[in-house]
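Report on the structure
Take a look at the letters that make up each chain.
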Amino acid sequence: MTHKPQIKIPATYMRGGTSKGVFFSLTDLPEAAQVPGEARDKILLRTIGSPDPYGQQIDGMGGATSSTSKTVILAKSEQPDHDVDYLFGQVAINKAFVDWSGNCGNLTAAVGAFAISKGLVDAGRIPENGICIVRIWQKNIKKTIIAHVPITNGEVQETGDFELDGVTFPAAEVVIEFMDPADGEGSMFPTGNLVDDLDVPGVGTFKATMINAGIPTIFVNAADIGYTGTELQKDLNSDAEALARFETMRAYGAVKMGLISNISEAVARQHTPKIAFVAPAAAYESSSGKQIAETDIDVCVRALSMGKLHHAMMGTASVAIATAVAIPGTVVNEAAGGGARDAVTFGHPSGTLRVGAAAEEVNGEWTAKKAVMSRSARIIMEGNVHIPGDTF
């Protein structure tokens, strides 16, 4: 039998925040994949190694977790006053689909560096030494993100002493500003309430804050679902029944938020919404063995991504946390002690993270102006990915 030989596509493997992904320039993709559709999805699936019934992604670039099963396509921006268009694809591990419904906040930290190195940012905007302001148009959610990328001798500075819990080695700090992070097409609180009763047949009824800032997120109290908020991946990800309950809660929350019309649609929308649980600050030992004191944090937060407890915290969910904390009365704000706040340090399985947000109430509606956090990024490998020629 004759098979088509492999083809090669220029690509860069990058870490951004606590995630890793394969980055492509739009114009480097095969022509059929330069537009949305089946060819593009098939190429990205094969690149990452999905669908894999073994759940390991051995035959691809994926790392068998939601944090490492990611793809990014970048192009010179078509939007006025922006440098780069950023499109994110979350690749399912054991299913044949790419979820385009949301952003990856962690990989955002790598977008600016890639854009500069690939000539997507005008040379006149790049200082010889200092900070390059990269104006990113996030195509999935149609929002502006500003990345502050350090530059040394005209090139991206990747090495440094900034430490990020969930990442083993230090690197240069990249400050990310998520501008107007709430959904521009509706209320930041889709149900109209800061707190709702989320009725989940067969599971229970829970107090929940459902917010669309950074990424649609459902927050519930840890104590209401039998947890402390200090859990690590090992405590949850081997419990199939618990994960199934979370997925059911997420599906009913998605319906209540108006993201889907029927819970059966949730299986094809795994990237959004996220579901998370919160608890007052408490001491715990992180997954690396680091001791987190109660006084180190304001609140404990644990979030699930693609059906599993995340090893740290998704960048977009961090935006949702910061925004929800800034609004008195939300489940997250109450867990953090209540009152007005413009920043929060929260505990996650890998350690702690400080994020800030500016929110205000206008005519009875809450709006978010921006959320800010620090991340780091670096190129791990660049060259070509190889995929069978009959992939698409």
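Data block above holds the structure.
Now for a quick tour of the structure. Since the structure is predicted, the reported quantities are computational estimates derived from the model, not experimental observations.

Mapping S286 onto the fold places it in the loop between strand 14 (284-285) and strand 15 (291-292). Overall, S286 belongs to the buried group, its relative accessible area being 3%. A polar side-chain atom of S286 sits 3.1 Å from a polar atom in the side chain of S288. Non-local contacts of S286, meaning those with residues more than four positions away in its chain, are made with L232, I292, P349, S350 and G351.

Spanning 17 residues, helix 4 (residues 240-256) covers 24 Å between terminal C-alpha atoms, matching the ideal 24 Å at 1.5 Å per step. Along helix 4, the positions that sit buried rather than exposed are A242, L243, F246, M249, R250, A251, G253 and A254. Positioned one or two residues after helix 4, G258 has a phi angle of 80°, which is positive.

With that settled, the discussion passes to the packing of aromatic side chains. Applying the stated criterion across every chain, the model contains four aromatic pairs. Each ring, one from Y227 and one from F246, has its centre 5.9 Å from the other, and the planes form 20°; the classification is stacked. Of this pair, Y227 sits in the loop between strand 12 (215-221) and helix 3 (233-236) while F246 sits in helix 4; the two residues are 19 residues apart in sequence, bridging distant segments of the chain. An aromatic cluster is built from Y227, F246 and F277, whose rings are joined through pairwise contacts. For the cation-ring pair, R302 lies above Y284, with the distance from its terminal atom to the ring centre recorded as 4.6 Å.

With respect to the helices and strands, the residue D28 is situated in the loop between strand 2 (19-25) and helix 1 (38-48). The class for D28 is partly exposed, based on a relative accessible area of 35%. Sequence spacing of D28 and L74 is 46 residues, and the spatial spacing of their C-alpha atoms is 10.0 Å. If near-sequence neighbours (up to four positions away) are discounted, D28 is found in contact with I9 and P10.

Each neighbour pair has its own omega, and for S50 with P51 the value is 0°, a cis peptide bond. When you line up the elements, P51 lands in the loop between helix 1 and strand 3 (70-76). Geometrically, the link from T272 to P273 is a cis peptide bond, its omega value of -5° lying close to zero. One can find P273 in the loop between helix 4 and strand 13 (274-280). Despite not being glycine, N363 shows a phi value in the positive range, around 50°. Looking at the secondary structure, you find N363 in the loop between strand 19 (351-362) and strand 20 (365-375). Looking at N363, the relative accessible area reads 78%, which means it is exposed.

Before going further, it helps to spend a moment on the pairing of strand 3. In terms of residue burial, strand 3 counts as a mostly covered element, since six of its seven residues are buried. When strand 2 meets strand 3, the two strands line up parallel, connected through four bridges. Its bridge partner being in strand 3, S25 is matched across the sheet by L74. With respect to chirality, the unit in which strand 2 leads through helix 1 into the neighbouring parallel strand 3 is right-handed. Alignment of strand 3 against strand 4 (residues 84-91), held across seven bridges, turns out to be antiparallel. Bridge pairing links K76 to V84 in strand 4.

Okay, the environment of K369 next. Structurally, the position occupied by K369 is in strand 20. Distance from K369 to D41, taken between C-alpha atoms, is 34 Å for residues 328 residues apart in sequence. With sequence-adjacent residues up to four places away left out, K369 is seen in contact with F178, M179, D180, P181, A358 and E360. Looking at K369, its side chain comes within polar contact range of the side chain of E360, at 3.3 Å.

With that settled, consider the pattern of salt bridges. For the coordinates displayed, the defined rule picks out 14 salt bridges. Note that D180 and K143 form a salt bridge whose closest N and O atoms lie 3.2 Å from each other. Highlighted residues: D180 in the loop between strand 9 (174-179) and strand 10 (196-200) and K143 in strand 7 (residues 143-152), separated in sequence by 37 residues. Note that K234 and D235 form a salt bridge whose closest N and O atoms lie 3.4 Å from each other. Among the residues examined, K234 registers a relative accessible area of 63% and is labelled exposed.

Definitions and limits used
- Residues numbered from 1 in each chain as written.
- Predicted model: local features only at pLDDT ≥ 70, side-chain atom pairs only at ≥ 80, totals over all residues.
- Heavy atoms only, no water.
- Helix = DSSP H or I, 4+ residues; strand = E, 2+ residues; numbered from the N terminus.
- Buried < 20%, exposed > 50% of the residue type's maximum accessible area, 1.4 Å probe, protein only.
- Polar contact = N/O pair within 3.5 Å; in protein donor to acceptor, adjacent residues only side chain to side chain.
- Contact = heavy atoms within 4.5 Å.
- Expected span 1.5 Å × (residues − 1).
- Phe/Tyr/Trp six-rings, centres within 6.5 Å; stacked < 30°, edge-to-face > 60°.
- Lys NZ or Arg CZ within 6 Å of the ring centre and 35° of its normal.
- Pairing = 2+ DSSP bridges.
- Right-handed = clockwise from strand over helix to strand, strands pointing away.
- Salt bridge = Lys/Arg side-chain N within 4 Å of Asp/Glu carboxyl O.

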